[in-house]
Amino acid sequence: MMTRVRVLTLNAALGPLDYRVPPGLEGDVLPGSIVEVPLGPRRIIGVVWDQERLPDDSEVPDAKLRPIFAALPVPPIPAPLRRLVEWVADYYMAPLAAVLRMAMPAGVAVGERVITEYRLSDTSPARLTPQRAQALERIGEFQASVSELAEKAEVSVAVIRGLIKAGALEAIETSADAPYPAPLPTHAAPSLNGEQHAAANRIIQAVDAQQFQTFLLDGVTGSGKTEVYFEGIAQAVRTGGQVLVLLPEIALTQPFLKRFEARFGVAPTPWHSGLKQSERRRAWSAVARGQAQVVVGARSALFLPFPQLSLLVVDEAHETSFKQEDGVRYHARDVAVMRGKFEECPVVLATATPALETRHQVSLGRYEEIKLAARFGGAQLPEITGIDLLETPPDRQRWIAPPLVAAIDETFEKGEQALLFLNRRGYAPLTLCRHCGYRIQCPHCTSWMVEHKITHRLACHHCGHVMPSPRACPECKEEDALVACGPGVERIADEAKALFPQARTAIVTSDTLWSPEKVAEFVASVEAGAVDIIIGTQLVTKGYHFPNLTLVGVIDADLGLEGGDLRAAERCFQQISQVAGRAGRATKPGRVLIQTRMMGAGVIKALLSGDAERFYAAEAESRRHAEAPPYGRYAAIIVSSESADAAAETARRLGRAAPQRDGLHVYGPAPAPLAQLRGRWRHRLLVHAARTTNVQGVIQHWLGSVNWPTSVRVNVDIDPYSFL
Ligand SMILES: Nc1ncnc2c1ncn2[C@@H]1O[C@H](COP(=O)(O)OP(=O)(O)OP(=O)(O)O)[C@@H](O)[C@H]1O
Ligand SMILES: [Zn+2]
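Residues numbered from 1 in each chain as written. Chains lettered and ligands numbered in written order. Predicted model: local features only at pLDDT ≥ 70, side-chain atom pairs only at ≥ 80, totals over all residues.

- Going by the annotation in an unreviewed UniProt entry, the name recorded for the protein is Replication restart protein PriA, with Sphingobium fluviale given as the source organism.
- Listed in UniProt under the heading Function (unreviewed entry), the comment for the protein reads: "Initiates the restart of stalled replication forks, which reloads the replicative helicase on sites other than the origin of replication. Recognizes and binds to abandoned replication forks and remodels them to uncover a helicase loading site. Promotes assembly of the primosome at these replication forks."
- In its Subunit (unreviewed entry) section, UniProt records this for the protein: "Component of the replication restart primosome." (UniProt positions renumbered as here; feature names shortened; annotations may be inferred.)

Structure below.
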């Protein structure tokens with residue numbers, strides 16, 4: 001029986017704290033229990049942690065301990081999740097409390113609750129202001145609290161309250177934690193082909209064995225990877241286990257929910273940052289009680305308190321958006337594998353274009369590869385051709401080259417759909433004054449403001465700052481002298497409309513598909529044939545299955561190769577392979593046209609020849625040569641401050657104190673390519689080390705030897721991806 005416990009709080013500034021367990025509570029307080037404890041005059045929440053794992057040499061004597069107030073009526077944080085929290089904190093050098101916060105987001109760990117939400121009633125308000133009209137339109141089928149509705153509709157809380165008073169919104173009492181219905185394993189099971197069957201069996205076996213094992217489910221686009229891992233999910237559900245499916249983007253959740261529901265009769269439990277508070281609370285507590293069997297979510301779902309996890313799936317596992325770039329900087333794919341290890345359950349990484357790191361694990365024998373070599377139902381992979389922009393360039397101020405224009409024309413003629421891919425939101429990436437040459441820059445970042453014609457605004461794509469598009473140049477005050485330079489998807493859409501006035505276009509970016517409803521609307525309109533041409537960013541490259549979509553045009557294949565980041569070529573290859581994979585997925589054959597100025601580049605040649613193996617081999621060889629990941633490792637030290645001088649000085653100080661040892665080299669400090677971001681000046685030092693080096697230990701020691709002012713932040717990014 002525990003009479004004294006060590007509690008980990010959610011506050012990174014506090015160490016673990018010891019408390020006394022008062023009589024009567026002993027039975028309720030176990031490792032993992034969520035407890036309410038006194039801290040000075042306040043009551044805070046924490047988790048009882050395994051004492052031996054949090055040594056504390058300044059132990060407070062028993063007699064001085066304050067008692068725990070209460071143990072919350074929720075299940076304890078399970079031991080495998082506690083081990084995962086420790087591992088993430090250690091590996092990514094983050095405070096334990098910061099990692100624990102991801103497992104227990106604010107306000108989720110509460111007992112049963114009834115809450116009041118509002119939804120549209122049948123009454124329309126007598127007075128309809130533009131604000132009210134916007135609110136009613138945006139709210140649609142949504143039901144939520146007053147503040148959540150205000151946020152969703154982008155109106156003030158007063159507008160929502162006004163609508164409630166006017167009777168246009170009605171109150172609904174809902175339980176915060178009703179369980180989720182269980183999926184039905186045999187609801188609409190497909191009959192698998194031979195290759196799929198073998199793959200599914202391998203995963204089912206692993207689910208039955210309940211041992212840790214990582215699979216790379218490597219199947220070409222449209223081969224049925226989803227159908228295959230659905231069989232693994234069905235098996236886990238049959239045997240009473242829980243399943244987590246991770247997706248790289250929230251936008252993919254909606255189509256996934258529908259597809260899952262078609263297969264299993266009920267939708268899975270979603271988990272992502274777009275949930276409202278009541279949904280988050282319900283999902284968290286249902287997961288903790290084992291009353292949510294299948295969860296689909298963004299990377300943060302990795303830290304949900306599953307008591308019975310028996311399968312983890314990471315879909316589109318190559319996606320770099322699995323890497324979290326702020327707060328605790330972790331890679332969800334790698335953490336998923338670790339969670340599988342602690343839970344002793346299988347992990348499936350599904351992708352048509354595996355990351356080099358994942359292929360490396362396969363070659364070392366650590367992951368088992370399962371291949372699906374052919375598209376389902378006899379569909380052929382699309383034919384891929386290059387368009388050399390040096391030979392057949394588009395007209396001035398145009399971006400669709402003549403061969404692609406002709407192909408779009410042919411596609412329309414056959415009554416089929418086309419997709420144009422350009423990974424750039426907005427209308428134009430740069431706005432320039434023709435008169436004085438002034439470029440409009442973000443006031444908080446070293447980046448240009450991007451013109452968005454749809455919203456008549458300029459936006460910074462790094463910090464989200466927006467301003468109205470000015471008529472006059474802010475510098476020389478010349479009127480109508482500002483010109484848009486270069487294309488974004490909105491500009492390509494304008495061009496397509498000018499070329500094909502009859503064609504119905506749909507722009508797909510995070511600006512247009514900003515809610516699950518918008519995604520559903522988009523999918524429905526393409527499926528109904530109400531769209532002829534889709535123009536989209538990377539958001540449109542994966543997940544979608546449109547049988548009548550037969551042409552994919554890549555507007556600028558070279559875009560992704562700029563910047564010279566370690567994974568630029570690999571990412572370009574993956575992105576274009578994925579978008580190409582949207583063409584001709586059913587009975588009609590597909591084709592892909594890639595516009596480039598670099599016909600000779602390795603990536604382009606690989607894409608055109610379809611020789612992925614050769615591309616990967618060459619890429620792996622150059623990484624091996626540079627001792628870059630997966631053969632060596634990197635860690636970044638990012639120094640930032642609102643004061644440019646303080647940031648630079650601290651970076652120099654760290655540079656002077658850099659560790660000197662074999663198998664390790666420190667580059668920099670150098671100003672970050674985006675020297676200022678969100679008002680903070682940034683410098684970076686890059687540690688390059690052999691695979692076997694304990695970089696975390698070295699960095700800990702190094703940072704411990706240097707002091708810096710409190711106005712400066714020093715963050716560590718282990719296995720960094722983005723060098724912006
Ligand atoms: N055995 C099957 N029976 C019926 N339909 C199937 C079967 N296998 C695959 N399909 C269908 O083929 C299409 C492609 O399958 P799926 O989306 O699972 O492939 P994928 O490999 O996940 O594709 P991608 O990686 O390109 O997104 C889907 O519409 C799917 O329902
Ligand atoms: Zn900015």
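There is more to say after this.
## Structural notes on the site of ligand 1
Consideration 1: Looking at ligand 1, there are 18 residues lining it, with Pro-190, Thr-221, Gly-224, Lys-225 and Thr-226 nearest.
Consideration 2: Sorting elements by how many residues they give to the shell around ligand 1 places helix α7 (residues 225-238) first, with three residues.
Consideration 3: Residue composition of the shell around ligand 1, by class: four nonpolar, 11 polar and three charged.
Consideration 4: For the shell around ligand 1, the domains that each give at least three residues are domain 3 (194-377) and domain 4 (379-424 + 487-620). (Near = placed C-beta within 6 Å. Helix = DSSP H or I, 4+ residues; strand = E, 2+ residues; numbered from the N terminus. Nonpolar A, V, L, I, M, F, W, Y, C, P; charged D, E, K, R; others polar. Domains from an automatic or database assignment.)

## With respect to the domain arrangement of the protein
Accessible area lost during the coming together of the parts is what is often quoted as the interface size.
Consideration 1: Taken domain by domain, the protein consists of domain 1 (4-103), domain 2 (114-175), domain 3 (194-377), domain 4 (379-424 + 487-620) and domain 5 (632-718).
Consideration 2: For domain 3 and domain 4, the distance between their C-alpha centres works out to 27 Å.
Consideration 3: Tallying the contact residues gives 19 residues for domain 3 and 23 residues for domain 4.
Consideration 4: The set of elements that each furnish at least two residues to the side of domain 3 that touches domain 4 consists of α8 (253-264) and α11 (356-363).
Consideration 5: Element by element, the count of residues in the side of domain 3 that touches domain 4 is highest for α8, at three residues.
Consideration 6: For the side of domain 3 that touches domain 4, the per-class residue count stands at seven nonpolar, eight polar and four charged. (Contact = placed C-beta atoms within 7 Å.)

## With respect to the pairing of strand β22 (residues 505-508)
Consideration 1: By the bridge criterion, four bridges tie β22 to strand β23 (residues 533-536) in an arrangement that is parallel. Opposite Ile-507, over in β23, you have Ile-535 as the bridge partner.
Consideration 2: Traced from β22 through helix α14 (residues 516-527) to β23, the parallel crossover comes out right-handed. (Pairing = 2+ DSSP bridges. Right-handed = clockwise from strand over helix to strand, strands pointing away.)

## Describing the sheet that holds strand β25 (residues 591-596)
Consideration 1: Taking strand neighbours across the sheet as the criterion, the six strands line up as β15-β25-β24-β16-β23-β22 in an open arrangement whose pairing is parallel. Every interior strand has two partners, whereas the edge strands, β15 (383-388) and β22, have only one. Sheet twist, expressed as the mean angle between neighbouring strand axes with direction ignored, is 20°.
Consideration 2: As paired strands, β15 and β25 are joined by six bridges and run parallel to one another. Along β25, the bridge assignment pairs Asp-388 with Thr-596.
Consideration 3: With respect to the sheet, helix α16 (residues 602-609) is in contact with β15 and β25, its orientation differing from that of β15 by roughly 140°. (Axes fitted to C-alpha atoms, helices over the stretch in contact; angles between N-to-C directions.)

## Some remarks on the confidence of the model for the protein
Consideration 1: Chain-level statistics for the protein give a pLDDT mean of 90 and a share of 98% at 70 or above.
Consideration 2: Predicted as a complex, the structure gets a pTM of 0.88 and an ipTM equal to 0.97. (pLDDT = per-residue confidence, 0-100.)

## Some words on the nonpolar core
Consideration 1: If you look at the biggest cluster of nonpolar residues, it comprises 163 residues, and the most contacted ones within it are Val-7, Leu-217, Leu-246, Leu-420 and Ile-594.
Consideration 2: In terms of residues, this core owes the most to one element, α7, which gives seven residues.
Consideration 3: Contact partners of Ile-594, with chain neighbours within four places excluded, come to Ile-384, Gly-386, Ile-387, Val-554, Ala-557, Ile-576, Ile-604 and Leu-607.
Consideration 4: Core analysis: the second largest hydrophobic core is formed by 11 residues, Ile-139, Leu-163, Ala-168 and Leu-169 among them. (Core = buried A, V, L, I, M, F, W, Y, C linked by C-beta atoms within 7 Å. Buried ≥ 20, exposed ≤ 12 C-beta atoms within 10 Å, placed from the backbone.)

## Thoughts on the environment of Ala-406
Consideration 1: Note on placement: Ala-406 falls in helix α12 (residues 402-413).
Consideration 2: Ala-406 gets classed as exposed once you count the C-beta atoms within 10 Å, which come to 11.
Consideration 3: On a C-alpha basis, the gap between Ala-406 and Ala-418 in space is 12 Å, while along the polypeptide they are 12 residues apart.

## Topic: the UniProt feature "binding site: Zn(2+) 2" (unreviewed entry) in the protein
Consideration 1: UniProt records the feature "binding site: Zn(2+) 2" (unreviewed entry) at Cys-442, Cys-445, Cys-460 and Cys-463, using the numbering of this structure. On the basis of their most widely separated C-alpha atoms, the annotated residues across 22 residues gather in one place, lying no more than 8.7 Å apart.
Consideration 2: For Cys-442, the residues in contact, after removing those within four places along its chain, are Ser-447, Met-449, Cys-460, His-462, Cys-463 and His-465.
Consideration 3: The exposure class assigned to Cys-460 is buried, which follows from the 21 C-beta atoms found within 10 Å.
Consideration 4: Apart from the residues lying within four places of it in its own chain, the contact partners of Cys-460 are Cys-442, Cys-445, Ser-447, Met-449 and His-465.

## Some remarks on the packing of helix α1 (residues 79-91) against helix α2 (residues 96-103)
Consideration 1: Put simply, α1 and α2 touch, their axes get as near as 9 Å, and they point 135° apart. Here α1 lies oblique to α2, going by the angle between them. For the pair α1 and α2, the sense of crossing is right-handed. Two secondary-structure elements touch here, α1 through Leu-81, Val-85, Glu-86, Val-88 and Ala-89 and α2 through Leu-96, Val-99, Leu-100 and Ala-103. (Parallel < 35°, antiparallel > 145°, perpendicular 65-115°, else oblique. Left-handed = near helix turned anticlockwise from the far one by under 90°.)

## Some thoughts on the sheet that holds strand β27 (residues 664-677)
Consideration 1: Sheet architecture is open: four strands sit in the order β27-β28-β26-β29, paired in antiparallel fashion. Two strands bound the open sheet, and with one partner strand each, they are β27 and β29 (712-718). Between one strand and the next, the sheet's axes are offset by a mean angle of 20°, whatever the strand orientation.
Consideration 2: Strands β26 (632-641), β27, β28 (680-690) and β29 of the sheet are contacted by helix α18 (residues 644-656), whose axis makes an angle of about 15° with β28.

## Considerations on the pairing of β27
Taken residue by residue, a regular strand's side chains alternate between the two faces of the sheet.
Consideration 1: Both β27 and β28 contribute to a ladder of eight bridges, which runs antiparallel. The partner of Tyr-667 across the bridge, within β28, is Leu-686.
Consideration 2: Linking β27 back to β28 in an antiparallel pair, the connection comprises two residues, with Arg-678 at a positive phi of about 50°.

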